[in-house]
Structure formats: structure tokens, C-alpha cells
Amino acid sequence: MLASHLSIESFVEAVSKMTNPKEIIYLNGSEEQWMQLRKQGCETGELIPLNEEKLPGCYLHRSDPQDVARVEERTFLCSSREEDAGPTNHWAEPEAMYETLCSIAKNGMNGRTMYVLPYSMGIPGSPFARYGVELTDSIYVALSMAIMTRITPEVLSAIQNGAPYVKGIHCKVDLNPENRYIAHFPEHNLIFSVNSGYGGNALLGKKCFSLRMASCLGRREGWMAEHMLILGVQDPTGAVRYLAAAFPSACGKTNLAMLIPPENYRKKGWKVWCLGDDIAWIRPGPDGRLWAVNPENGFFGVAPGTSMKSNPNALAATRQGTIFTNVVRNLEDNTVWWEGMNKTPPTHAEDWLGRPWNGELSQEKGAHPNSRFTAPAKNCPCLSPAFDSAQGVPLSAILFGGRRARTAPLVYEARSWAHGVFIGSSMASETTAAATGAVGVTRRDPMAMLPFCGYHMGDYLAHWLNMGRSVSAPPKIFHVNWFRTDEEGRFLWPGFGDNLRVLEWILDRCDGKAHGVETPIGTLPSAEDLNLEGCPITQEALASILTVDSQLWTREAEQIRIFYERFGDKLPQALAEELDGLEARLQK
Ligand code: OXD
Ligand code: MN
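Per chain, the residues get numbers from 1 upward, laid out in the order the sequence is written. Numbering of ligands from 1 and lettering of chains from A proceed in the order in which they are written. Per-residue local features of the predicted model are confined to residues with pLDDT of at least 70, and side-chain atom pairs are confined, for both listing and counting, to 80 or more; whole-chain, interface and lining totals are unaffected and use all residues. To obtain the side-chain values, all non-hydrogen atoms of the structure were used and water was disregarded.

Q: Sorry, what's going on with the coordination of the manganese ion (ligand 2) here?
A: Each donor-metal-donor angle would ideally measure 109.5 degrees in four-coordinate tetrahedral geometry, or 90 or 180 degrees in six-coordinate octahedral geometry. Protein ligation of the manganese ion (ligand 2) involves Lys207 (NZ), His227 (NE2) and Asp278 (OD), the donor distances falling in the range 2.1 to 2.2 Å. Positions of the donor residues of the manganese ion (ligand 2) along the chain correspond to the pattern K-x19-H-x50-D. Taken together, the residues span a long stretch of sequence, with His227 in the loop between β11 (224-226) and β12 (228-234) and Asp278 in the loop between β14 (271-276) and β15 (280-284) at a distance of 51 residues. By relative accessible area, Asp278 is classed as buried at 8%. For Na, K and Ca the donor cutoff is 3.2 Å, while for all other metals N, O and S atoms must lie within 2.8 Å; water is not among the atoms, so some sites may look incomplete. Each helix corresponds to a stretch of at least 4 residues labelled H or I by DSSP, and each strand to a stretch of at least 2 residues labelled E; elements are numbered beginning at the N terminus. Three labels apply to residues, based on accessible area from a 1.4 Å probe with only protein chains included: buried if under 20% of the type maximum, exposed if over 50%, partly exposed otherwise in between.

Below, the structure is given as C-alpha cells:
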């Protein structure tokens, strides 16, 4: 398996020898096979069918209670040289890790079926597309991959005819957290995941392939794999411009990607089109711009907080053909519920663990904070007509952002591409429930890729600088923060649809039309530069989120300097200079 290319038959044979499944089934994407799998999933209890009228084709899945999020501590990069994994990844020597995993996976599929999933990330046959084969013993994983990727007979024949593919082994074994490993072997084209069934650890096309392995491929081949949403903003003239945005997990990528414009914007004809909510593959186009596609085919979204108010498009996307994981089951009508869906929790229900749950009276949350929906992209009412475009969409702007209660203002524009890379490299956010570990701790998360970069972060930042230099019309870079709070912890900016006001300023800046105020950290709008007609915000709150506090920023710069020390001599000189420049401007 450590050979970089194996025929699919040899791969399947080697894994089946090791894991010893009772049978092997190739999945070719036919509806008949999916139906059969859903039926079996219901028989084994992996899936609970939901109300066919209200939620046609939808199922509830309950994961093992100890297997509910990505496990960064147990995620490894197995490059032959430790320095290629860098200081922000856990490294393991490939041969030794491979042996460990083989011994854990030995007979690990005993009594279960091994499913062979040949899938494409991106439109099969397009220049962006890359193929993978996941071997899994989980029906839930197979059906989720059916939603999240493109599985067609053509992909299998291309692979059988020698097209390169990433090998993926996923084996639940006995879900023992002590023996859980998510391991990547970039030089061997292999992902090996054992003892987890959670999406981010087990749907190997997602984080493992489309970010960790793809970031390595992109570096070699001159493109980028990023943790970004992609959206199109249509203005009243009908012109659509595209933006990509990197925010850490559970910081509102899905909400921004599916934004509904405020009423006054809607009346004028503004529309927002969703192309993706989590991953962007970005390449230089022949016109000197950067072009992006979403390699996925569905949304693996965080359920809590998704409501008719916060994101009606996401809610609509979950109304059919969706798998819900670890949400509340409403026993009155066999539908689902989660915190933040509405103010009327069901009173006759089961919580995410399947225990009886009485919404109003219960002290405990009904849905797990990282409960999820896996929904087909085609269900989304605002899915962009360009979603299936083989060459992707040209980017006008790239946004970085996170949850920052204090330091970062609502929005600011980078002075140059290199300064933008500096902003992305030093972005920080308060942690969420999407990964195990403490929630609410501020951590630096360059380009929101800290858990997902498949090689040395210093080399990754150098790749970013090179990509900007390689095109004549790179997108402009901005930083946004929807999460500023007051002393009592209340959000100052209304967020959601009102974020379009910020996007409008950003796009006008890209066109050289909008005014901005230069500050030491970049260019900010003044209150008059934003269209605030009908926006529920006070002048005082607005002034606060459009202010750069030099004291906080001086501390921020000190912290960035400490963070940068981790990269040693791999830190690109241009970024060290950007940091010096920021400090000098702050001192002036
Ligand atoms: C995700 C994540 O699931 O970032 O998208 O954790
Ligand atoms: Mn993500």
C-alpha cells in the first residue's frame, strides 16, 4: 500500500486481506445501490428513517458518544522527513505508523462488508478534478460520501484505466478512541483512518483528501487547496462577482455562503449565490486571475444555530436526501430538532444519545454542539448556476476572518498581496466544538488551515506568496470579523444578511470605487462608506467595531512575533518584513 500507485484491484485485495471483511461491494453511484444501502443501514440501526412526507429520503444517524468531532491530537502527517510536516502538524515516521495501523486494522472489518467507493472531487474529467478510492466498512460513511462527492461509473473506469487516485482506507474497527488514528502519507498517496466514524475523520474525500493531501498536490502542481467558502454576489446590474473566504471551523462559513440580502438590498435586485461552504481549490486562469471550484458536492454543516432566521437556505437544503448526525429526534412527528432551530423544542423527543428528552424542562442540550447535517448541494435554493462549471469562477476578493471578541475590526483591506498573506498567516479565532478540546480559547490559525495543511506551514505561506506573484490580477485580500462583543459579551454587529453591507464595500474597493481610511493595520471603511440603510446597529457600536485600538494591536503584533518564531528559518522573509512594517506603523 505504500507504493504510490497501485491498481484499484490490487489495492482492494491488499486491504481485504488485512481487514478480512465478509464481502466486498463496489459502489458505482447507482440509485439502486444507494437504496439497498439505506435499507441495510436501517436494519443495522446505523440509520433511523425520518418522516417520509416532511423529510423525504432523510435519515438520523447517532455516532458513538465518544466519536463526535475531529481529533487533531490523533491526526498525523507521515512524510518521510519530519521537517516536511512542520511544527504545526503531528508527525509520525511512515513505515512505523503504517505498521501500527495495519496491526490495528488486522481483521478490523471482520463480519462487515467492505465498500469500494471510487469518487471524484470536482467535476469528473475537468482540469480541477482529482480522484480517490475509499474502502470503508461503514454504511453511514458510504452514504455520506455519496452526498459529499461525485461517484459515477466513469470515475471507476478512469481509475481502472490508470488515472491516478488517492488511496483511502477507513476501518471502524471497534471505535476505540485510544486506538484512533487519522494518518496521511502524502508521498505514498494514502490516507489511513481507523477507529472513528465521524465525518471529518472518516469521509476521506473531505478534510483528509481535499485539504491535507490536495494542499501537497497543489504545492507541487501550482495551485491551492483552501479551507474556504465560495460565493457569488449579484448586483442590481446583474453582474456577479465572486469571493472566497477562509474562516475556522464553525465560524459561519455556511451562513455567509448562503446569505440572504437585507430587504433594501433584495428590493434593488441584489442576490447571493452559493458555490461552496467549506473547501475551495484555486488555480491561476489564462486571464491572470485566480479561479476557484468547490470540489465537494454537498454540505456537511453544523446543525445547531441553523434556523429560518440565520440560514433559511441551509435549512431548505436539509429538507430531503439528508443525513442528520447527533441531533434531537422529535417523536411527535419523527422529524429533527436542534438548539437554535426555533424557540419551541419538542417536548416528546430523544436527545442526540437516544435518551428520552423533554425540550423545555431538560437542563441538558438535546443536540450535540457539533451535530451535523450532510445535505446534497443541489437542494440549496441559492446554489449558483456556476456550481457545476468545470473551470470554476474568477475571484475578485479573498476574505480571512475568525471569532475575535475584541481586537479585529469589522473589516479591513490588505495593503498588498504580501500584506494579505501576512493577515491570513496571523489570523486568530476562538476555538469551537468542531474539534475535540477546550472551546473558546484564542488560537492562531493561519488561513484557517492549521488543522488541514498537509506540509510545513512555513512552506505553505511561501506557496501563497508565490501564487500571488504568479498571476497578473490576483484577488484583493480583506479581513472580516462579525463577532465583536461589548463588555457584556453581546454581539455588536448584526451579522448574517447584514454582512452583505460589508461585501458591497469590499467589492467596491476591488473596483476602485469605495472610499477607505488608512490605518496601521490596513484600510477600513468609515461609517459613511458602508450602506447602513435599515441596519440595526447604533452609531456607538459601529464606531467601536470600526476602530483600531493601537494598544491591543501592539500586543497582537507581539503575539504574532511569538507565533512566527515557531516557523524558524522557514518563515518567508516577506512576512517577517510585513510584521516589522505593522509594528513600525503602530509606533508612529
Ligand atoms: C468541518 C470542519 O467539518 O472544519 O468543516 O470541522
Ligand atoms: Mn471546515
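Q: I keep staring at the sheet that holds strand β5 (residues 90-91) and nothing clicks. Help me out?
A: Across a sheet, paired strands are connected by hydrogen bonds in the backbone, their directions being either parallel or antiparallel. Read from one edge to the other, the open sheet built from eight strands follows the order β1-β6-β7-β8-β10-β9-β4-β5, with strand pairing classed as mixed. Strands with a single pairing partner mark the edges of an open sheet, and in this sheet they are β1 (23-26) and β5. In the sheet, strand β4 (residues 75-77) pairs with β5 via two bridges, with the strands oriented parallel. Pairing of Leu77 across the sheet is with Trp91, part of β5. By the convention used here, residues are in contact when the closest approach between their heavy atoms is within 4.5 Å. Simply put, an axis is a line fit to the C-alpha atoms, just over the touching stretch for a helix, and the angle between two N-to-C directions goes from 0 to 180 degrees. Running at roughly 135 degrees to strand β9 (residues 181-185), helix α4 (residues 94-105) makes contact with β4, β9 and β10 (190-194) of the sheet. The pairing criterion for strands is at least two bridges between them, as found by DSSP.

Q: Where do I start with the packing of helix α16 (residues 550-565) against helix α17 (residues 573-587) in this structure?
A: Between two packed helices, what matters for the description is the angle formed by their axes and the separation of those axes. Closest axis-to-axis distance for the α16/α17 pair is 10 Å, and the angle between their directions is 160 degrees. Accordingly, the angle class assigned to the pair α16 and α17 is roughly antiparallel. In this structure, α16 crosses over α17, and the sense of that crossing is left-handed. Residues Ser550, Trp553, Thr554, Ala557, Glu558, Ile560, Arg561 and Tyr564 of α16 pack against Leu575, Leu579, Asp580, Leu582, Glu583 and Leu586 of α17. Angle categories are assigned with fixed cut-offs, so that under 35 degrees is roughly parallel, over 145 is roughly antiparallel, 65 to 115 is roughly perpendicular, and the rest are oblique. Left-handed is the label given to a crossing in which the near helix is rotated counterclockwise from the far helix by less than a right angle, and right-handed is the label when the rotation is clockwise.

Q: Got a minute to help me understand empty space enclosed by the protein in this structure?
A: Picture a little ball the size of a water molecule; that probe, rolled over the atoms, points out where space is still empty. Grid points spaced at 1 Å and placed over the protein atoms alone form the basis of the search, with a cavity being a set where a 1.4 Å probe fits but cannot get out and a pocket an open set showing protein on both sides within 12 Å along at least five of seven lines. Lining residues have an atom within 4 Å of a point. Grid points are joined across faces, edges and corners, and a volume is the space filled by probe spheres set on the points. Across all of its chains, the model carries two cavities of 30 Å³ or more by this definition. Counted as a void, the largest cavity has a volume near 130 Å³. As for the largest cavity, its lining consists of 17 residues, of which Tyr412, Ile423, Ser426, Trp553 and Glu556 are closest to the centre. For the lining of the largest cavity, the secondary structure elements donating two or more residues are α12 (417-425) and α16. Each residue is assigned to one of three groups, with Ala, Val, Leu, Ile, Met, Phe, Trp, Tyr, Cys and Pro labelled nonpolar, Asp, Glu, Lys and Arg labelled charged, and all others, Gly among them, labelled polar. The class makeup of the residues in the lining of the largest cavity is ten nonpolar, four polar and three charged. Its boundaries defined by the atoms lining it, the second largest cavity holds a volume of some 100 Å³. Around the second largest cavity sit 16 residues that line it, and Val293, Asn294, Phe387, Ser389 and Gly392 are the ones nearest its centre. Its residues assigned to classes, the lining of the second largest cavity shows ten nonpolar, five polar and one charged.

Q: Which parts of the structure should I look at to understand the side chain of Gln234?
A: On the secondary structure map, Gln234 appears in strand β12. Residue class for Gln234 comes out buried when judged on its relative accessible area of 17%. Think of a polar contact as two N or O atoms within 3.5 Å of one another; within protein, one of them needs to be a possible hydrogen donor and the other a possible acceptor, and neighboring residues in sequence only count if both atoms come from side chains. A distance of 2.8 Å separates the side chain of Gln234 from the side chain of Trp273, its partner in a polar contact. Sequence-distant contacts of Gln234, that is, excluding residues within four places in its chain, are made with Ala239, Val240, Gly269, Trp270, Lys271 and Trp273.

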